[in-house]
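# Reading the structure
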Amino acid sequence: MDIGCTIRAIRKRKGITIPQLCEGTGLSRGFISNVENNKTSPSIASLELIANYLNVPITYFFMTEKERMTVVRKDERKVKTFGIFNIEYLTTNGPLRVMLVGSKPGDVTGETHFHEGYECHLVLKGRYRAEHGSDSVILEEGDAFSWNASIPHNVINIGDTDGLLLIASYKE
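Predicted, not measured: the structure shown is a model, and the values here were computed from it.

## Section: the overall build of the chain
A count of helical and extended segments in the chain gives four helices and nine strands. Counting helices and strands in the order they occur from the N terminus, the chain gives α-α-α-α-β-β-β-β-β-β-β-β-β. Relative to the compact-globule value of 16 Å for 172 residues, the chain shows a C-alpha radius of gyration of 23 Å, a clear excess of over 25%. Expressed as lengths along the three principal axes of its C-alpha atoms, the size of the chain is roughly 65 × 30 × 25 Å. Here the chain, with 172 residues, has 33% of them falling under the buried criterion. Long-range contacts, defined as pairs at least 24 residues apart, comprise 59% of the intrachain contacts of the chain with a sequence gap of at least 6. Taking the 20 positively charged and 21 negatively charged side chains of the chain as two groups, their mean positions are separated by 11 Å.

## Some words on the sheet that holds strand 8 (residues 153-157)
Strand order across the open sheet formed by three strands is 6-5-8, with antiparallel pairing between neighbours. The open sheet has two edge strands, strand 6 (135-139) and strand 8, and neither has a second partner. Geometrically, the sheet is characterised by an average inter-axis angle of 15° between neighbouring strands, direction not taken into account. Pairing geometry for strand 5 (residues 128-132) and strand 6, over five bridges, is antiparallel. Across the sheet, A130 pairs through a bridge with V137, a residue of strand 6.

## Digging into a nonpolar patch on the surface
Taken together, the side chains of L96, Y118 and Y170 define a hydrophobic patch exposed on the protein surface, amounting to about 310 Å² of accessible area. With respect to the helices, strands and loops of the structure, L96 is situated in strand 3 (residues 96-103).

## Observations concerning helix 4 (residues 44-54)
Note that an α-helix has 3.6 residues per turn; residues three or four places apart therefore point the same way. Those residues of helix 4 that fall on the buried side of the exposure criterion are S46, L47, I50, A51 and L54. Along the long axis of helix 4, the arc covered by the buried residues comes to 135°, so they all point the same way. Exposed and facing more than 90 degrees away from the buried side of helix 4 are I44 and N52. Its buried side turned inward, helix 4 meets helix 1 (3-13), helix 2 (18-25) and helix 3 (29-36). Looking one or two places after helix 4, you find N55, whose phi comes out positive at around 60°.

## Here we look at the sheet that holds strand 7 (residues 144-148)
Taken in spatial order, the six strands line up as 1-2-3-9-4-7 in an open sheet, and their pairing is antiparallel. For this open sheet the edge positions go to strand 1 (78-82) and strand 7, each flanked by a neighbour on one side alone. If you compare each strand with its neighbour and ignore which way they point, the axes differ by 25° on average. Taken together, the five bridges between strand 1 and strand 2 (residues 85-89) define a ladder with antiparallel strand orientation.

## Some words on the pattern of salt bridges
When charged atoms on two side chains of opposite charge get close, those side chains can pair. Under the definition given, this model contains six salt bridges. Between R11 and E36 there is a salt bridge whose closest N-O contact spans 2.6 Å. Of this pair, R11 sits in helix 1 while E36 sits in helix 3, and the two are 25 residues apart along the sequence. In terms of burial, R11 and E36 fall into one category: buried. What you see here is one network of salt bridges that share partners, running through R8, R11 and E36.

## Some remarks on the nonpolar core
Within the largest apolar cluster, 16 residues are counted, with the highest numbers of intra-cluster contacts made by I7, L21, I32, I50, L54, V56 and F61. Those elements that place two or more of their residues in this core are helix 1, helix 2, helix 3 and helix 4. Among the nonpolar cores identified, the runner-up in size contains 14 residues, and I87, V123, A130 and L139 belong to it.

Quick notes on the rules
Residues numbered from 1 in each chain as written. Predicted model: local features only at pLDDT ≥ 70, side-chain atom pairs only at ≥ 80, totals over all residues. Heavy atoms only, no water. Helix = DSSP H or I, 4+ residues; strand = E, 2+ residues; numbered from the N terminus. Rg over C-alpha atoms; globule rule 2.2 N^0.38 Å. Buried < 20%, exposed > 50% of the residue type's maximum accessible area, 1.4 Å probe, protein only. Contact = heavy atoms within 4.5 Å. Lys, Arg positive; Asp, Glu negative; His and termini not counted. Charge placed at Lys NZ, Arg CZ, Asp CG, Glu CD. Pairing = 2+ DSSP bridges. Axes fitted to C-alpha atoms, helices over the stretch in contact; angles between N-to-C directions. Patch = residues over 30% accessible without salt bridge, like charges linked within 9 Å, V, L, I, M, F, W, Y side chains within 5 Å. Areas by Shrake-Rupley, 256 points an atom, 1.4 Å probe, with all protein chains shown as cover. Salt bridge = Lys/Arg side-chain N within 4 Å of Asp/Glu carboxyl O. Arc of directions from axis to C-beta. Core = buried A, V, L, I, M, F, W, Y, C linked by side-chain atoms within 4.5 Å.

In short, shape yes, function no, at least from these values alone.
As structure tokens, then:
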């Protein structure tokens, strides 16, 4: 864990000098320098002062690299096919999955299916029919819908053109 480097990076990104951090926290310049250079381990009380001044949750200092922000470049997206839908994954880890799903007119997500979690869909392009349990609704560009994915559901491109959905799926 590299708490000192994390503090330094946040401080610099926010344009805060060491003297400003010292003044805002009441901690000495030598102490802050030693913390940022990982020469001393700050107490929870000191970390709380620093976190409050930097306006970040104290837990951020304890996060691993994997738990922090991840970036998926456009040309590095994982692409899969589900039935005849093309899926581009915009996220790579954690319980939240965000996908771009392209479809041709008449494409269906396959047989009505269900799974754990929740989904939210945004129609970026095209016209769709979403079926969820006994509900059925027609959706146009800009419309959004969400559901509990444990209820049988299906999405069908009923338009005359290619369609594109942005889907966020969450499963604990």
